[in-house]
Amino acid sequence: LAGTMATVNLRAVTSWVGIARLFAIVLSCIAFSLVASTMDFGGPYGTWCMFTWCFCFTVTLLVLLLELLELYPMLPFSWDDFTSAFSMLAALMVFTTSVVFPSTFIISPCNSSKCARQAVATTVSCLCFLAYALEVGLTRAKPGDISSFLSTVPGLLKVFEAYVACLIFSLLDKYSSKPGLQWCVAVYSICFIITFLIIIFTIGRCLSYIPCPLEKMLVGYSTLALMMYITATVLWPLYSFKDTKRPDPCGRDCSWNKNLGVTFLTIFNLIAYLVDLVYSTRMVFIRAP
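By convention here, each chain's residues receive numbers from 1 onward along its written sequence. Only residues with pLDDT of at least 70 get local features here, since the model is predicted, and only at 80 or more are side-chain atom pairs given and counted; chain-wide, interface and lining totals rely on the full set of residues. The side-chain values count all of the structure's non-hydrogen atoms but skip hydrogen atoms and water molecules.

- Per an unreviewed UniProt entry, the recorded name for the protein chain is MYADM protein, and the organism is Halcyon senegalensis.
- The protein chain has a UniProt comment under Subcellular location (unreviewed entry) that states "Membrane".
- UniProt positions are given in the numbering used here, feature names are shortened, and annotations may be inferred rather than shown by experiment. Annotation of the protein chain in UniProt includes, under Sequence similarities (unreviewed entry), the sentence "Belongs to the MAL family."

Put into structure tokens, the structure is as follows:
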């Protein structure tokens, strides 16, 4: 009977990582509770913010319970890779929400009780982002340690690259009439699919079945993705803003603003792939002693 009982690992909630997760659970719960009490979270942006807080709360609570009861070794995937990828994803999602929510729903002057709750929810969301960022920093692999790929800098960058690509897809608008923009969308799609598959295969422990040197393959892919993103960084603004001026007024759904957002996100991913290539090359060709 004793062998079938789940053991309790108190270190899951007393370690620094566990404390960061507890803070993330409490803060995300407070954020979506405050916003829910205002009854003002309609539309795609409000739905996204509520989904982010609820999703991060639910998964982090599940992670904490599985580690507390030491049930995670029974799962058929790499637990360390999964938790590293999730903490990075949660940090990015909560950061985006902490920017989108106040810019969309808080109206100046803020002198009502509803606005006060929205402001507090924004502050709590920022603190929640810091909790997830702390978890990412605490679980990041030390130099030379590649036992958990998604906790290394290239692994964390893979999550960042995939997330930024998702943001780009959410902003795409009116690109089908220009071949240059179609190429850019193809770049975003191809790089996202391959990066997402790398993340999924890593968590599922499937990369070992690939019949070629994995580390060198990742370096080759990072090089190819970097070159493709260089072309997109040049072509997207060239074709998007050629012979066009910013309309006045240019509201929330203005195509010009969306194209500007895609331009900056493309640059962010270009930098991410460059750093990814540098770190991947160092991991493969410059071994730590």
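## Brief notes about the pattern of salt bridges
- By convention in these notes, a salt bridge is any Lys or Arg side-chain nitrogen within 4 Å of a carboxyl oxygen on Asp or Glu. Here the structure, examined in full by the defined rule, presents 4 salt bridges.
- Among the ionic pairs, Arg21 bridges to Glu67, the shortest N-O distance being 2.9 Å. Here Arg21 is found in helix H2 (residues 16-38), whereas its partner Glu67 is found in helix H3 (residues 43-68), with 46 residues between them in sequence.
- Classification of Arg21 by relative accessible area gives buried; the value is 4%.
- Type-normalised accessible area, obtained with a 1.4 Å probe on protein chains alone, sets the label of each residue: buried when under 20%, exposed when over 50%, and partly exposed for intermediate values. In this structure Glu67 comes out as buried when scored by relative accessible area, which is 16%.
- The salt bridge partner of Glu135 is Arg21, with a shortest N-O separation of 2.9 Å. With Glu135 in helix H5 (residues 113-139) and Arg21 in helix H2, this pair connects stretches of sequence that are 114 residues apart.
- Among the charged side chains, a network of salt bridges with common partners joins Arg21, Glu67 and Glu135. Helix numbering and strand numbering both begin at the N terminus, where a helix is a DSSP run of H or I of at least 4 residues and a strand a DSSP run of E of at least 2.

## Digging into the confidence of the model for the protein chain
- Think of pLDDT as the predictor's per-residue confidence, scored from 0 to 100. Counting all residues, the mean pLDDT for the protein chain is 87, and 93% of those residues have values of 70 or more.
- Within the protein chain, helix H1 (residues 11-14) has the poorest average pLDDT of any element, 86, and H2 the best, 94.

## Regarding a nonpolar patch on the surface
- Exposure above 30% relative accessible area and the lack of any salt bridge qualify a residue for a patch; like charges then connect within 9 Å, and the nonpolar side chains Val, Leu, Ile, Met, Phe, Trp and Tyr within 5 Å. Per-residue and other accessible areas follow the Shrake-Rupley method at a 1.4 Å probe size, with only the shown protein chains counted as cover for residues. Taken together, Phe264, Ile267, Phe268, Ile271, Leu274, Val275, Val278 and Tyr279 make up a surface patch of nonpolar side chains, about 670 Å² in accessible area.
- Looking at the element boundaries, Val275 is found in helix H9 (residues 255-285).

## Thoughts on the environment of Leu181
- As for its placement among the helices and strands, Leu181 is situated in helix H7 (residues 179-203).
- Throughout, a residue-residue contact means that at least one pair of heavy atoms, one from each residue, lies within 4.5 Å. When residues no more than four places from it in sequence are discounted, the contact partners of Leu181 are Lys174, Tyr175, Leu235, Trp236, Tyr239 and Ser240.

## Looking at the nonpolar core
- One finds Ile168, Leu172, Tyr188, Cys191, Tyr229, Trp236 and Tyr273 to be the most contacted residues of the largest nonpolar core, which totals 37 residues.
- Listing elements by their share of this core, those giving two or more residues are helix H4 (79-105), helix H6 (153-171), H7, helix H8 (214-240) and H9.
- Domain extents, as shown, originate in an automatic or database domain assignment. Mapping this core onto the domain boundaries places at least three of its residues in each of domain 1 (1-145) and domain 2 (149-288).
- Not counting chain neighbours up to four residues away, the residues in contact with Tyr188 comprise Ala165, Ile168, Phe169, Leu172, Tyr229, Ala232, Trp236, Val262 and Thr266. In this text, buried Ala, Val, Leu, Ile, Met, Phe, Trp, Tyr and Cys residues form a nonpolar core when linked through side-chain atoms within 4.5 Å.

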